[in-house]
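# What the coordinates show
Residue strings, one per chain:
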Amino acid sequence: MADKKAQLIIEGAAPVELPVLSGTVGPDVIDVRGLTSTGRFTFDPGFMSTASCESQITYIDGDKGILLHRGYPIEQLAEKTDYLETCYLLLNGELPNAEEKAKFVSTIQNHTMVHEQLKSFLNGFRRDAHPMAIMCGIVGALSAFYHDSLDINDPKHREISAHRLVAKMPTIAAMVYKYSIGQPIMYPRNDLNYAENFLHMMFNTPCESKPISPVLARAMDRIFVLHADHEQNASTSTVRLAGSTGANPFACIAAGIAALWGPAHGGANEAVLTMLDEIGDVSNIEKFLAKAKDKNDPFKLMGFGHRVYKNFDPRAKVMKQTCDEVLGELGIQDPQLELAMKLEEIALKDPYFAERNLYPNVDFYSGIILKAIGIPTSMFTVIFALSRTVGWISHWKEMIASGQKIGRPRQLYTGHAKRDLNR
């Protein structure tokens, strides 16, 4: 990989030769590990110019609007696979054949239940606690229940932990929701697929078990696929950093959930609905679009554009199609959803947003879909965590298998130099 060299010229010192690494695709990377021996290191707040690891899982080209999982475009995966196939791909490197898929689905179904004592664990939380607070606590506590698979140096243990996490997250998410509204917890049903089972646990009760709409189940499945992994983002990097210490996988995923909880990361689709509430009515759209164009106005058009994608979000096209299908299936008349559709229509025709590539992103459409299905905004980030768990655990597995050293970022110290305490 290191067939090129870079030279760092520092005034008054000998040049430092640094290897230049090339990946399969994407920009070259300057290997700065040798700098430490010269008594220097790089300064990169937010790690925006630093590759923290080598990975074979996901590739993003934000300028071209490309997102690949193991080489497959996300649009193709969303259209031609289901979530568990994508999980298998992320975890194992290749899509499953029919036999492998059947075995994997069966394995996941065999792990969907959680220990009964976890229901008692729920009772320690207030009913009005934020669902992410409860999920973070429960996932971290799983290590207290599954002692048989905590040897991170055993590949079989890592695989079992991965399967357990993928299988149990929908159950935990639904438990959190049912607890918050005071309804009985619904057990998983292994005769349903992954998305159907989640919707069953969310919305059915012991008194009434309604059939799950195939359109809504497919929409839910696509949301899971489109959020399954997104390379070295804040939460994935957090999982890797926690995992580099040798922490157990459940603790690492709980760390990822905590990072995702931040509004700058996992709360984007919830922010879309908050923005729609602020706009209030279709008649106010033009006024708020003008505010969005005003550099001196703090108002931001949430759900448009993306920090990573400078052209378009490749997930958004699939999500828009799914959004149209869901709204058509439900035929609901919701002022907020009508406002969202009108905002999309007007903004897409506005040259200001087109020239700046500020197109609706996956968060814009997923927020609308989740609301239409009946999922409260407080649960949006929980569903994001559910979807992203397979990405987190795939990166964790890859990192452990590669023997990555414990993470230890450096700092540029600007405090006091050494001084004496004169008393």
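Per chain, the residues get numbers from 1 upward, laid out in the order the sequence is written. Only residues with pLDDT of 70 or above have their local features reported here, since the model is predicted, and side-chain atom pairs are shown and tallied only from 80 upward, although totals for entire chains, interfaces and linings are computed over all residues. Based on all heavy atoms of the structure, the side-chain values leave hydrogens and waters out of the count.

You'll find the protein chain entered in an unreviewed UniProt entry as Citrate synthase, with Stutzerimonas kirkiae given as the organism. UniProt positions are given in the numbering used here, feature names are shortened, and annotations may be inferred rather than shown by experiment. The record in UniProt for the protein chain states the following under Pathway (unreviewed entry): "Carbohydrate metabolism; tricarboxylic acid cycle; isocitrate from oxaloacetate: step 1/2."

What follows is about the side chain of Arg164. Numbering goes from the N terminus for both helices and strands, where a helix is a DSSP run of H or I of at least four residues and a strand is a run of E of at least two. Summarising the element assignment, Arg164 is placed in helix 6 (residues 155-181). To sort residues, take the accessible area from a 1.4 Å probe on protein chains only and compare it with the maximum for the residue type: under 20% means buried, over 50% means exposed, and anything in between is partly exposed. For Arg164, a relative accessible area of 10% corresponds to the buried category. In this analysis, two residues are considered to be in contact whenever any of their non-hydrogen atoms come within 4.5 Å of each other. The residues contacting Arg164, other than those within four sequence positions of it, are His111, Tyr146, Asp148 and Ser149.

Two joining distances apply to patches: 9 Å for like charges and 5 Å for nonpolar side chains (Val, Leu, Ile, Met, Phe, Trp, Tyr), and every residue must have over 30% relative accessible area and no salt bridge. In this description, accessible areas are obtained by the Shrake-Rupley approach with a 1.4 Å probe, and a residue is regarded as covered only by the protein chains that are shown. The salt bridge criterion pairs a side-chain nitrogen of Lys or Arg with a carboxyl oxygen of Asp or Glu, the two atoms within 4 Å. Nonpolar side chains collect at one region of the surface, where Phe312, Leu348 and Tyr359 lie side by side and expose about 250 Å² of accessible area between them. Structurally, Leu348 can be placed in helix 14 (residues 335-349). Assessed through its relative accessible area of 40%, Leu348 is described here as partly exposed.

We now examine the packing of aromatic side chains. Geometrically, a pair of aromatic rings is defined through the distance of the ring centres and the angle of the planes. Ring pairs are drawn from Phe, Tyr and Trp, using the six-membered ring of Trp, whenever the two centres fall within 6.5 Å, and their geometry is named by plane angle: stacked under 30 degrees, edge-to-face over 60, tilted for the rest. Tallied over the full model, the rule gives 12 aromatic pairs. Considering the side-chain rings of Tyr83 and Tyr194, the 5.1 Å spacing of their centres and the 40° angle between planes classify their relative orientation as tilted. One end of the pair, Tyr83, is in helix 2 (residues 83-92); the other, Tyr194, is in helix 7 (residues 194-203), and 111 residues separate them in sequence. When its relative accessible area of 0% is taken as the criterion, Tyr83 is described as buried. With 5.4 Å between their ring centres and 55° between their planes, Tyr83 and Phe224 make a pair best called tilted. A residue pair is termed long-range when its members are at least 10 positions apart, and Tyr83 in helix 2 and Phe224 in helix 8 (residues 214-226) qualify at 141 residues. Each member of the pair, Tyr83 together with Phe224, is buried. Within the aromatic cluster, the residues linked to one another by ring pairs are Tyr83, Tyr194, Phe198 and Phe224.

Below, the discussion takes up the packing of helix 2 against helix 3 (residues 98-109). Where helix 2 meets helix 3, the axes come as close as 10 Å, and the angle between the chain directions of the two elements is 100°. As the angle between them shows, helix 2 and helix 3 are arranged roughly perpendicular. Where helix 2 abuts helix 3, its residues Leu84, Glu85, Cys87, Tyr88 and Leu91 lie against Glu100, Lys101, Phe104, Val105 and Ile108. When its residues are assigned to classes, the contact of helix 2 with helix 3 shows 7 nonpolar, no polar and 3 charged. To obtain an axis, a line is fitted to C-alpha atoms, over the contacting stretch when the element is a helix, and the angle between two such axes runs from 0 to 180 degrees between their N-to-C directions. Note on terminology: angles under 35 degrees are roughly parallel, angles over 145 are roughly antiparallel, angles of 65 to 115 are roughly perpendicular, and the others are oblique. We call Asp, Glu, Lys and Arg charged. Ala, Val, Leu, Ile, Met, Phe, Trp, Tyr, Cys and Pro are nonpolar, and the rest, Gly among them, are polar.

Once that is clear, we can look at the environment of Ile108. The residue Ile108 is located in helix 3 in this model. For the pair Ile108 and Leu192, spaced 84 residues apart in sequence, the C-alpha to C-alpha distance is 12 Å.

Let's shift gears to the pattern of salt bridges. Counted by the stated rule, this structure contains 21 salt bridges. Residues Lys101 and Asp82 are paired through a salt bridge, measuring 2.8 Å at the closest nitrogen-oxygen approach. Taken together, the residues span a long stretch of sequence, with Lys101 in helix 3 and Asp82 in the loop between helix 1 (74-80) and helix 2 at a distance of 19 residues. Looking at Asp82, the relative accessible area reads 22%, which means it is partly exposed. Linked through salt bridges whose partners overlap, the residues forming this network are Glu79, Arg222 and Glu325.

With that settled, consider the sheet that holds strand 3 (residues 29-30). At least two bridges found by DSSP between two strands is the condition for calling them paired. Across the sheet, 3 strands lie side by side as 1-2-3; this open sheet has antiparallel pairing. The open sheet terminates on both sides in strands that have one partner only, identified here as strand 1 (4-8) and strand 3. Bridge count between strand 1 and strand 2 (residues 16-21): 5 bridges; the pairing is antiparallel. Bridge pairing in strand 2 places Gln7 opposite Glu17.

Strand order in this open sheet of 3 strands is 4-5-6, and the pairing throughout is antiparallel. A strand with exactly one partner marks an edge of an open sheet, and here the two such strands are strand 4 (58-61) and strand 6 (72-73). Pairing between strand 4 and strand 5 (residues 66-69): 4 bridges, direction antiparallel. Residue pairing in the sheet places Tyr59 in a bridge with Leu68 of strand 5.

We call a set of buried Ala, Val, Leu, Ile, Met, Phe, Trp, Tyr and Cys residues a nonpolar core when their side-chain atoms join them within 4.5 Å. By size, the foremost hydrophobic cluster in this structure holds 110 residues, and its most contacted members are Met220 and Leu343. Residues within four places of Leu343 in sequence aside, it is in contact with Met275, Leu276, Ile279, Ile285, Leu289, Leu301, Phe304 and Phe364.

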